[in-house]
Amino acid sequence: MLDQRQFDALYTWLQEPQQCHARPIKTGWRYRCNHTFEHTAIWLRRQGLNVESHLAQLKALGITCDCGILSTLIDWPTP
C-alpha cells in the first residue's frame, strides 16, 4: 500500500506532460491517456514497489487506467 507521500508523488508525476498531461478545460480536466496503467507501472517499478498488488487494488475499485487515478482518487485506497 502506498502512503500519502508516495501517492502524492505518483499523482503529481502522472499529471506531467510526458505522462497523462493533465490540463484544465472549461468543464473540468482533460488527460492524454492510452487507457492502460503504463505510467503507473513505470512509477511503481522505479520506486521498487510491487506493481501487480498495487494495480490489483486500483482495479478492485474499478479504476482501469492512469487517467482514472487522476480523475477518481484523492488518496490511495486503504483496505
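Calculation rules
- Residues numbered from 1 in each chain as written.
- Predicted model: local features only at pLDDT ≥ 70, side-chain atom pairs only at ≥ 80, totals over all residues.
- Heavy atoms only, no water.
- Helix = DSSP H or I, 4+ residues; strand = E, 2+ residues; numbered from the N terminus.
- Buried < 20%, exposed > 50% of the residue type's maximum accessible area, 1.4 Å probe, protein only.
- Areas by Shrake-Rupley, 256 points an atom, 1.4 Å probe, with all protein chains shown as cover.
- Phe/Tyr/Trp six-rings, centres within 6.5 Å; stacked < 30°, edge-to-face > 60°.
- Polar contact = N/O pair within 3.5 Å; in protein donor to acceptor, adjacent residues only side chain to side chain.

A. Highlighting the overall build of the chain. Scanning the chain from terminus to terminus reveals four helices and two strands. Overall, the chain is about 35 × 25 × 25 Å in size when its C-alpha atoms are taken along their principal axes. Buried positions account for 37% of the 79 residues belonging to the chain. Counting every atom, the chain has about 5000 Å² of accessible surface; 52% of that belongs to carbon and sulfur.

B. Structural context of the packing of aromatic side chains. Summed over the entire model, instances satisfying the criterion amount to one aromatic pair. Here the aromatic rings of Phe7 and Tyr11 are separated by 5.7 Å at their centres, their planes lie at 50°, and the arrangement is tilted. Taken together, the residues Phe7 and Tyr11, both in helix H1 (residues 4-15) and four residues apart, mark about one turn of the helix.

C. Quick peek at the environment of Thr72. Within the element layout of this structure, Thr72 appears in helix H4 (residues 66-72). Linking Thr72 and Gly62, residues ten residues apart in sequence, is a C-alpha distance of 9.8 Å. In this structure the side chain of Thr72 is engaged in a polar contact, spanning 2.8 Å, whose partner is the backbone oxygen of Gly68.

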